[in-house]
Amino acid sequence: VRLVESGGGLVQAGGSLRLSCVASGRTFSSDLMAWFRQAPGKEREFVAADNWSGSSLYYGDSVKGRFTFSRDNAQNTVYLQMNDLTPEETGVYYCAAGPSLGRRTLIRPTSYNAWGQGTQVTVSS
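## Things to note about unusual backbone geometry
Here is step 1: For N76, which is not glycine, the phi torsion reads 50° and is therefore positive.
Here is step 2: Relative to the helices and strands, N76 is located in the loop between β7 (67-72) and β8 (77-82).
Here is step 3: By relative accessible area, which is 26% here, N76 ends up partly exposed.
Here is step 4: Despite not being glycine, D84 shows a phi value in the positive range, around 55°.
Here is step 5: Turning to its location among the elements, D84 is positioned in the loop between β8 and β9 (91-98).
Here is step 6: Looking at D84, the relative accessible area reads 44%, which means it is partly exposed.

Now the structure itself:
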């Protein structure tokens, strides 16, 4: 599967952005889609995930209530709507794909077998 993200940019604190990820060449082993982010000098952090049937929606604790994961199956696209952004959320946001997993494992970057190139999100104070 090939993943291409878009939608990053510069936004002020408290602002919103919507990221998109188009998946081409989907297979059974890429049923689960996720968003991760990585700040400079930090480890890659799980943000949100769901599978294409919508039965595995899960958010990282730090984004619950502010971020929304959605998908358009017909367009093979997943989205991440991000509201009330903070400067600490600046980083590169990645889309990832992998086999459907339990919640203990879907938060781990090593559980995914395909990654996009990432899109930069910068939140100014």
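## Some words on the state of the cysteines
Here is step 1: This model, assessed by the stated rule, comprises one disulfide.
Here is step 2: Between the sulfur atoms of C21 and its disulfide partner C95 the distance amounts to 2.1 Å. Taking the torsion about the S-S bond as the criterion, the C21 to C95 disulfide, at about -80°, is left-handed. Note that C21 is positioned in strand β3 (residues 17-24) and C95 in strand β9, a separation of 74 residues in sequence.
Here is step 3: Here C95 falls in the buried class, since its relative accessible area comes to 0%.

What counts as what
- Residues numbered from 1 in each chain as written.
- Predicted model: local features only at pLDDT ≥ 70, side-chain atom pairs only at ≥ 80, totals over all residues.
- Heavy atoms only, no water.
- Helix = DSSP H or I, 4+ residues; strand = E, 2+ residues; numbered from the N terminus.
- Buried < 20%, exposed > 50% of the residue type's maximum accessible area, 1.4 Å probe, protein only.
- Disulfide = S-S within 2.5 Å.

As far as function goes, none of this settles anything; it's purely spatial.
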